[in-house]
Amino acid sequence: MTINQIVRNTVDRLKAEGKVWTPDTYAEIFCSEAKKAGFAVEDCTGIERFVTLLDKKTAEEIKQYRVRTTAELIRFLISKMSRLNPSEASVLVELLSSLAKKMAQCMDVLHNHEASALAKKTIAILETQGGSTQIDLLKQAWTNFLSLYDDSFLMKLAQFGTVDTTNLRKTIEGLNFEADSKGGTDYPKIVRLLVSSLVPSIAPTMDDGTIQLSQKLRDNPAYVASDECEKELKLAIAMRVSLDKQSVEDMVRSLDTLLEKLSAQLIELIERSENSTTEIREVKRDLEALESNKPTDFKTAHKRLYAIASTLEEKVEVLSKDLKVHNEKVTQMGKKIASLESELAQANQASREDFLTKLFNKRAIEEYLSIKEAEFVRHERNFCVAMLDLDHFKAVNDTYGHDAGDAVLLAFSKILKEEARTSDIIGRYGGEEFLAILGDTDLAGAKVFCEKVRAHVEAAHFMYQGERINVSVSVGIGQRSDYPSLKGTVNGADERLYDAKRKGRNRVEPA
């Protein structure tokens, strides 16, 4: 059994058991599947390889507190450092180590430019020397990315060849497009898959040559069978790989710059210490070595920073006397953190995102409706409003529990995102009711979109703890040009929704 098969088994088991996709849950099930397959994975060996590096007293404490996972070990060591009154330097190292680990985990599974953009944003904020609250928020953003990320779309290529999720170029070059049993080939379907696969997984944009090839394939799908297309595809794949590599190199350089700045700050702090003994000088030399011999990947950077943090743990008692000098600065920082936390609470309260589905909330939807109404009044740009409501949703909560209801809402929101155009605005209007604003769309176009959503929901497999939940959706549509006001349009869509309910549900009105 290969590591890819173990990963697929892990994903299948997560779906079957209905668990929340967190890094810890994924690691637990992955290690279980690896052990079952007789596959030795270093990260699944627990904390034994780290405990042997610690002193005997600390190792006994770890055993006494029954620390079992790497995450628990890191929290234990951080707590131990806190009890020893760590200096500002140790706090900075602790935060950097935790964040670098989370970034490394995310980079291991990158398949799209959204993750790349999040990584660049993280590094940009860190370079401004943000506080611990900002860093904690960034860590949560990476955790959310890992929980929601799904690369199962690559399996659509399985009918044409072997899918290797670690080597997209190998997958594309191994595709075999043979005629079907009826003697014909579904070129448009093949072209859609090819064009999707040519989009860089990390780099934010495509090169001009790949864009031209994609348009050529869309205009003439049969071109995919020609020898010229094969040559152009090879060049496009090579360029795609090149763009992704360049993007990763840019991110590594950004991390290099960050490490250089933090190293300089830590060295300066150590030199200011009144008790800069020989042992502290050793830590300084480690930091200077990190700057002169810069790591070339995130994993190496994390390991080296973690090693320095471990050394600082042993020497931190000497630096504790510096706290007397920095008391005033710590007090000021505490006030600043309190102010930032207050601002964060206000920002969260005013958030325009629904906490569960990550779609727009009702407040944001109403803002966009006002914008669309202004465009209609000024420029006569027509639009449609679709009200979507999950059928018998209360029965789902009553039968399976609210956790199952939340899982259904989250899955339905993903379907809406998949079917919506970039210009469409989708939001949760309340409970199990959702609203879609379809700009520059008439009633016929709105019906097409809503029918695709309805059919997708009807065909989808909603699973919770191994049990399938049957779900359907009813939809009502209102076209702005058919009503005297925006309020009338929304009310009209709501009335059509209730018509759909009265006529048996799982339908779109007006039909």
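If you're wondering where the values come from, they're calculated on a predicted model, not measured in any experiment.

Helix and strand counts for the chain stand at 20 helices and seven strands. Sorting the 511 residues of the chain into buried and exposed places 41% on the buried side. In the chain, the proportion of contacts linking residues at least 24 apart, taken out of those at least 6 apart, comes to 65%. Summing over all exposed atoms, the chain offers an accessible surface of approximately 28,600 Å²; the carbon and sulfur share of this is 51%.

Glancing now at the confidence of the model for the chain. Regions with low pLDDT carry predicted coordinates that are not meant to be interpreted in detail. This prediction gives the chain a mean pLDDT of 78; 71% of its residues lie at or above 70. Every residue in residues 179–183 is under pLDDT 50, and counting partners more than four places away or in other chains gives two contacts.

For the rest of this paragraph, the subject is the sheet that holds strand S7 (residues 508–509). A sheet is described by the order of its strands in space; here five strands give the open sequence S2-S3-S1-S6-S7, paired in mixed fashion. On the outer flanks of this sheet lie strand S2 (425–430) and S7, each paired with one strand and no other. Two elements, S2 and strand S3 (residues 433–439), share five bridges in a ladder whose sense is antiparallel. When the bridges of S3 are listed, Gly430 appears paired with Glu433. Its contacts with the sheet put helix H20 (residues 486–502) on strand S1 (383–390), S2, S3, strand S6 (473–479) and S7, and the angle it makes with S6 is roughly 150 degrees.

On the surface, a cluster of positive charge is made up of Lys15, Lys358, Lys414 and Lys417. Within the secondary structure layout, Lys417 lies in helix H18 (residues 402–419).

Mapped onto the secondary structure, Leu409 falls in helix H18. Each C-alpha atom of the pair Leu409 and Leu356 lies 8.1 Å from the other, and the pair is 53 residues apart in sequence. With residues near it in sequence (within four places) discarded, Leu409 still touches Leu356, Thr357, Leu390, Phe393, Arg428, Gly431, Glu432 and Phe434.

A general feature of soluble globular proteins is that nonpolar side chains tend to end up buried together. Ranked by size, the top nonpolar core spans 33 residues in total, and within it Leu388 and Phe412 carry the most contacts. At the level of secondary structure, the elements contributing two or more residues to this core comprise S1, helix H17 (393–400), H18, S3, helix H19 (443–459), strand S4 (462–464) and S6. Considering each element in turn, this core owes the most residues, six residues, to H18. Discounting residues that sit within four places of it in the chain, Phe412 has contacts with Leu388, Leu390, Phe434, Val453, Val457, Phe462 and Val473. Phe160, Val224, Ala236 and Ile237 belong to the second-largest nonpolar core, a separate cluster that totals 20 residues.

On to the packing of aromatic side chains, then. A complete count under the given rule lists three aromatic pairs for this structure. Taking 6.5 Å as the distance between ring centres and 85 degrees as the angle between the ring planes, the aromatic pair formed by Phe376 and Phe383 counts as edge-to-face. Phe383 shares its class with Phe376; the two are buried. Judged by centre distance (4.9 Å) and plane angle (75 degrees), the rings of Phe412 and Phe434 are edge-to-face. Highlighted residues: Phe412 in helix H18 and Phe434 in strand S3, separated in sequence by 22 residues. Each of the two residues, Phe412 as well as Phe434, counts as buried. Note that Lys362 overlies the ring of Tyr429, its terminal NZ or CZ placed 5.0 Å from the centroid.

It is worth spelling out H17 at this point. An α-helix turns once per 3.6 residues; consequently, residues spaced three or four apart project the same way. Taken together, the buried positions of H17 are Phe393, Val396 and Asn397. Looking straight down H17, one finds its buried side chains confined to an arc of 95 degrees; they lie on one side. What points out from H17, more than 90 degrees from its buried face, is the exposed set Lys394, Asp398 and Thr399. Where H17 ends, the next residue or the one after it, Gly401, has phi of about 100 degrees, a positive value.

With that out of the way, let us pick up the pattern of salt bridges. Per the stated rule, a full pass over the model turns up 24 salt bridges. The salt bridge partner of Asp398 is Lys394, with a shortest N-O separation of 2.8 Å. Here Asp398 and its partner Lys394 are both found in helix H17, four residues apart, which amounts to about one turn of the helix. Look at Lys394 and you get exposed, because its relative accessible area is 59%. Beyond isolated ion pairs, a larger network of salt bridges with shared partners links Arg13, Glu17, Glu33 and Lys36.

Attention now moves to unusual backbone geometry. The omega torsion across Glu509 and Pro510 is 0 degrees, close enough to zero to call that bond cis. Along the polypeptide, Pro510 turns up in the segment after S7. Of note, the phi angle at Asp440 is positive, near 50 degrees, even though the residue is not glycine. Mapping Asp440 onto the fold places it in the loop between S3 and H19. By relative accessible area, Asp440 is classed as exposed at 52%. A positive phi is found at Gln465, a non-glycine position, where the angle reads about 50 degrees. Considering the arrangement of structural elements, one finds Gln465 in the loop between S4 and strand S5 (467–469).

What counts as what
Residues numbered from 1 in each chain as written. Predicted model: local features only at pLDDT ≥ 70, side-chain atom pairs only at ≥ 80, totals over all residues. Heavy atoms only, no water. Helix = DSSP H or I, 4+ residues; strand = E, 2+ residues; numbered from the N terminus. Buried < 20%, exposed > 50% of the residue type's maximum accessible area, 1.4 Å probe, protein only. Contact = heavy atoms within 4.5 Å. Areas by Shrake-Rupley, 256 points an atom, 1.4 Å probe, with all protein chains shown as cover. pLDDT = per-residue confidence, 0-100. Pairing = 2+ DSSP bridges. Axes fitted to C-alpha atoms, helices over the stretch in contact; angles between N-to-C directions. Patch = residues over 30% accessible without salt bridge, like charges linked within 9 Å, V, L, I, M, F, W, Y side chains within 5 Å. Salt bridge = Lys/Arg side-chain N within 4 Å of Asp/Glu carboxyl O. Lys, Arg positive; Asp, Glu negative; His and termini not counted. Charge placed at Lys NZ, Arg CZ, Asp CG, Glu CD. Core = buried A, V, L, I, M, F, W, Y, C linked by side-chain atoms within 4.5 Å. Phe/Tyr/Trp six-rings, centres within 6.5 Å; stacked < 30°, edge-to-face > 60°. Lys NZ or Arg CZ within 6 Å of the ring centre and 35° of its normal. Arc of directions from axis to C-beta.

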